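Results of the structural survey
One-letter residues, chain by chain:
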Amino acid sequence: MLRKIVLGIAVLLAAAGLWLLCLRLWSPGLQLLVVGALIFAGTAFEGWRYRKGSGPAGARWQQTEEKFADPISGEEMDVQYDPVSGERRYVPRRS
């Protein structure tokens, strides 16, 4: 829900920037257009960057002692580590 709101605001900023450019107000129009585009791109691709997955094929995940509560869901998470790639992943804690 929050992601959709932020994407909507980004689109409105970009549209306002285009409108100002049509009025030949170059500096504020370009600023709004760029800010709107950056917010849209950052929000749209955030899900791709922080996606949950099993990791690369052949990874040898080792359990670490780290544990934390996911700030979004409040769910307890375990941290696993692949010593070959150095990648870390976060999995829901098993009771």
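Residues numbered from 1 in each chain as written. Predicted model: local features only at pLDDT ≥ 70, side-chain atom pairs only at ≥ 80, totals over all residues. Heavy atoms only, no water.

So, the sheet that holds strand 1 (residues 62-69)
Pairing within the open sheet is antiparallel, and its three strands lie in the order 1-2-3. The outermost strands of the open sheet, each flanked by one partner alone, are strand 1 and strand 3 (88-92). Strand-to-strand twist of the sheet, defined as the mean angle between neighbouring strand axes without regard to direction, takes the value 30°. The pairing of strand 1 with strand 2 (residues 76-81) spans five bridges and is classified as antiparallel. Bridge assignment links K67 to a residue of strand 2, and that residue is D78. (Pairing = 2+ DSSP bridges. Helix = DSSP H or I, 4+ residues; strand = E, 2+ residues; numbered from the N terminus. Axes fitted to C-alpha atoms, helices over the stretch in contact; angles between N-to-C directions.)

A closer look at the pattern of salt bridges
If you walk through the whole model with that rule in mind, you get four salt bridges. With a shortest N-O distance of 3.9 Å, E76 and R93 are connected by a salt bridge. Here the residue E76 occupies a position in strand 2, and R93 occupies one in the segment after strand 3, the gap between them amounting to 17 residues. Notably, a salt bridge pairs D78 with R93, separated by 3.8 Å at the nearest N-O pair. With D78 in strand 2 and R93 in the segment after strand 3, this residue pair connects regions lying 15 residues apart in the sequence. Beyond isolated ion pairs, a larger network of salt bridges with shared partners links K67, E76, D78 and R93. (Salt bridge = Lys/Arg side-chain N within 4 Å of Asp/Glu carboxyl O.)

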